[in-house]
Amino acid sequence: MSETEKNEIILSLRSQLTGDLTSDLKFLEAQAAQYVGKEDGDDIAAAITELAVSLMPQQHLDFMKKTIYIGERRLDLIYKEAEHLMLNRMNAKSLVLTTQLYDKIREVFTETENTRFFSFRNLLESNLYYIMYHPTKRLEKAPFDFVRFLMAHAYNLIELRRPAEAIPVLEEAIRFNPVCPDPRFELAEAYKLMKEPEKLLAVVRETLPVCASPYALSRCYANLGYYCVEKKEYDKAICFYFESIVYTDHPAIRAELRHVAKLKGEEIKPPTRKDVLQAFADLELPNGPDPNVLTVASALADQAMEKSEWKEASFYLRVFHDLTHDEEAGKLLSKCEEEIKKMEGTE
């Protein structure tokens, strides 16, 4: 996306402002959230944030300086630089910046007796959190996705072979979003490096209920395969690796199966369904997506369709369909996609 196109987006948003500070800030916050994670989206989100800042009175700006700035730099811009360094494998330099972010988050956004900050990414996560954790404290939305910031810090530590130091950082990331599996996956990687298989198993046990995609389930099952290899229970490892492939057929899992074949000294045969389910039963673990995830995704899809919010409905139906391959959900998903095409004028 060119600079001209980005500027046109900002000019369009500016033209939609009403002059009411509260409503305008909410509007810009919602617009910025739509771009996060998309191609060129972070740059646009940052520009929208700059626009929001320019609307604020000095009193609000002074408060922001204390909370979301380190010196003259906003936290998200520091993260962006740290991320760039990470992508270029300059983890030691990135660590300097992510340490600043970690310290600032712990200083300003700590949990209090009555308030807890969160970084949920969508309604699926917030609803799942309420069902699983029954919060009693008031939830305040963090100004940025602190899970990403903290995971970057943990990643740098793990890459620099300091996994023990990464663990409290990842636990802090989980505190901001207990239903996001990503920091739990990094926690599992840390325990692998530390040769702590029982702690790895405990992490997988806590991760399974919050898996809302085939990839997440697949990664959990792969970690169970790794655990069983560490325990020299190779037949169970085979069961978990094959179940991982059912959800996401990743080449790395097939490589792990070849490794198990070498350890066993024999060719591997696909396990029976009975063997797979028994492997889960032996570890007292459920097989398949958690019912709460499916219930929340289905309910949110129904609500969105009732309001003709087709993009929202499509998102939640895809979660449900990808996990279950339910035929009726597939039909509803196709309907939503047709409605989206009509809205965008592509039919």
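Residues numbered from 1 in each chain as written. Predicted model: local features only at pLDDT ≥ 70, side-chain atom pairs only at ≥ 80, totals over all residues. Heavy atoms only, no water.

(A) Up close: the side chain of Asn156. In this fold, Asn156 is placed in helix α8 (residues 146–159). Apart from residues lying up to four places away in sequence, Asn156 is in contact with Met86, Asn91, Ser94, Leu95 and Thr98. (Helix = DSSP H or I, 4+ residues; strand = E, 2+ residues; numbered from the N terminus. Contact = heavy atoms within 4.5 Å.)

(B) Geometry of the packing of aromatic side chains. In total, this model carries 14 aromatic pairs according to the counting rule given. Between the aromatic rings of Phe120 and Tyr129, the centroid separation amounts to 5.1 Å while the plane-to-plane angle is 45°, which identifies the pairing as tilted. Taken as a pair, Phe120 and Tyr129 share a single burial class, namely buried. Geometrically, the ring pair formed by Tyr129 and Tyr130 is edge-to-face, given 6.1 Å between the ring centres and 75° between the ring planes. Note on Tyr130: relative accessible area 45%, which makes it partly exposed. Taken together, the aromatic side chains of Tyr79, Phe109, Phe117, Phe144, Phe146, Phe149 and Phe176 make up a single cluster linked through ring pairs. Taking NZ or CZ as reference, Arg175 lies 4.5 Å from the ring centre of Phe176, over its face. (Phe/Tyr/Trp six-rings, centres within 6.5 Å; stacked < 30°, edge-to-face > 60°. Buried < 20%, exposed > 50% of the residue type's maximum accessible area, 1.4 Å probe, protein only. Lys NZ or Arg CZ within 6 Å of the ring centre and 35° of its normal.)

(C) Here's a closer look at the environment of Ser314. Structurally, the position occupied by Ser314 is in helix α17 (residues 310–324). Residue Ser314 is classed as buried on the basis of its relative accessible area of 10%. Expressed as a C-alpha distance, the spacing of Ser314 and Leu333, which sit 19 residues apart in the sequence, is 5.7 Å. Those residues in contact with Ser314 that sit more than four places away from it in its chain are Leu333, Cys336, Glu337 and Ile340.

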